[in-house]
Amino acid sequence: VQQLSEPLGVSRYRVSRWLTGDTKVPWPIFLELVEMLTQRLTDWVNSVVAIAEVPLLAPMHRQREAARKLAFERPLSETMLRLAETAAYGALPKHIPGWFAERLHISHAEEAACLSAMLESGVLTRRAGRYEPGAPMSIDTGASLEDMKGLKLHWLREITRSLEEGRPGNAYGYNVISVSKKDLARIRELHLQYFRQLRAIVVESEPVETVALIGMQIVEFPVDPDTPRALPHS
């Protein structure tokens, strides 16, 4: 409530009454709240009226659509964005071609193609000779199951590639278990709690000094026809 009240310039009490539905929200502030809470205002408007009929929001919507597709078309763009946020990159007097490629174990051509796509979608901007984070990059949670599967497979392959190359400083582990269905459900819940706590640490972490890929998997080998409950994607 405090985080909403300050930028809106209203009291916490008033924001609280808006969020609980005790008081009607003025239309302009409603739009601001949708954007502040979800960063999906243009999607909401597009569900009510064709976004092309709202010239003020149409360019923003096109850029956000491109940014969401970027994660599926260029999965490494997410890692490059995180690298661009680090203090080490920010300390460079100007961009060094191959700086991202060297750290991601990819070719200079792949780096250049990814940077170009990121600039086009607005995820990165070019300023003072370096790349800087631009528009927020988000994963389209409404994407098809096939697209989400492809994205998850990409990151699983990255883990496999790192293990095969024996890169230092990484940790890998596994545990094949036999448990009751009730206890497996408890383990799944612990898995999700860990993910939520991980995200909370990431949000508050300063300064930005390094980038990591965290893999989280549970694979069930059911002994009966029951379909196991899948974990929601991150």
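This text goes with the structure placed above it.
This one's a predicted model, so the numbers in the text were calculated from it and none came from an experiment. (Residues numbered from 1 in each chain as written. Predicted model: local features only at pLDDT ≥ 70, side-chain atom pairs only at ≥ 80, totals over all residues. Heavy atoms only, no water.)

> Tell me about unusual backbone geometry, and name the residues and values.
Cis rather than trans, the peptide bond between Glu206 and Pro207 has omega equal to -5°. Structurally, Pro207 can be placed in the segment after helix H11 (181–204). The backbone of Gln39 sits at a positive phi, close to 55°, despite the residue not being glycine. Accessibility expressed as a relative area gives 42% for Gln39, which makes it partly exposed. Not every positive phi belongs to a glycine, and His105 is a case in point at roughly 60°. (Helix = DSSP H or I, 4+ residues; strand = E, 2+ residues; numbered from the N terminus. Buried < 20%, exposed > 50% of the residue type's maximum accessible area, 1.4 Å probe, protein only.)

> Residue-level account of a nonpolar patch on the surface, with values.
Taken together, the side chains of Val1, Leu19 and Leu37 make up a nonpolar region of the molecular surface, amounting to roughly 270 Å² of accessible area. By the secondary structure assignment, Leu19 is in helix H2 (residues 12–20). (Patch = residues over 30% accessible without salt bridge, like charges linked within 9 Å, V, L, I, M, F, W, Y side chains within 5 Å. Areas by Shrake-Rupley, 256 points an atom, 1.4 Å probe, with all protein chains shown as cover. Salt bridge = Lys/Arg side-chain N within 4 Å of Asp/Glu carboxyl O.)

> Talk me through the packing of aromatic side chains; I want residue IDs and the actual numbers.
Considering all chains together, one arrives at six aromatic pairs under this definition. Note on Trp27 and Phe30: the rings are 5.7 Å apart at their centroids and 20° apart in plane angle, and the pair reads as stacked. Note that Trp27 and Phe30 are positioned in helix H3 (residues 27–38) at a spacing of three residues, about one turn of the helix. On the numbers, 6.1 Å between centres and 55° between planes, the contact of Trp27 with Trp44 is tilted. Remark: Trp44 occurs in helix H4 (residues 41–48) and Trp27 occurs in helix H3; sequence separation between them is 17 residues. Its relative accessible area of 33% is what places Trp44 among the partly exposed residues. (Phe/Tyr/Trp six-rings, centres within 6.5 Å; stacked < 30°, edge-to-face > 60°.)

> Before we move on, could you go through the pairing of strand E2 (residues 130–133) and cite the residues and values that matter?
With four bridges joining them, strand E1 (residues 124–127) and E2 adopt antiparallel strand pairing. For Thr125, the partnering residue across the bridge sits in E2 and is Glu132. What sits between the antiparallel neighbours E1 and E2 is a turn of two residues, in which Ala128 has the positive phi angle 55°. (Pairing = 2+ DSSP bridges.)

> Give a description of the nonpolar core that names residues and reports values.
Counting residues in hydrophobic clusters, the biggest one holds 23 residues, and the most contacted among them are Met80, Tyr89, Phe100, Met118 and Leu124. Contributions of two or more residues to this core are made by helix H5 (58–73), helix H6 (76–84), helix H8 (99–104), helix H9 (108–121) and helix H10 (145–165). Of all the elements, H6 adds the most residues to this core, at five residues. Among all residues touching Met80, those that are not within four sequence positions of it are Phe100, Leu104, Glu111, Cys114, Leu115 and Met118. By size, the runner-up hydrophobic cluster in this structure holds seven residues, among which are Leu4, Val15, Trp18 and Leu33. (Core = buried A, V, L, I, M, F, W, Y, C linked by side-chain atoms within 4.5 Å. Contact = heavy atoms within 4.5 Å.)

> Describe H10, listing the residues and the values that go with them.
Helix length check: H10, at 21 residues, gives a terminal C-alpha distance of 30 Å against a target of 30 Å (1.5 Å per residue), a fit within 8%. For H10, every residue scored as buried is listed here: Met148, Leu151, His154, Trp155, Glu158 and Ser162. With its buried residues spanning 115° around the axis, H10 presents them on a single face. The outward face of H10, more than 90 degrees from its buried face, is lined by the exposed residues Leu145, Glu146, Arg157 and Glu164. Looking one or two residues past H10, Gly166 carries a phi angle of roughly 60°, positive in sign. (Expected span 1.5 Å × (residues − 1). Arc of directions from axis to C-beta.)

> Can you explain the pattern of salt bridges? Please cite residues and give values.
Counting across every chain of the model gives 14 salt bridges. Asp43 is paired through a salt bridge with Arg40; the nearest N and O atoms lie 2.4 Å apart. Owing to a relative accessible area of 18%, Asp43 belongs among the buried residues under this scheme. Two residues, Arg161 and Glu165, come together in a salt bridge whose shortest N-O distance is 3.9 Å.

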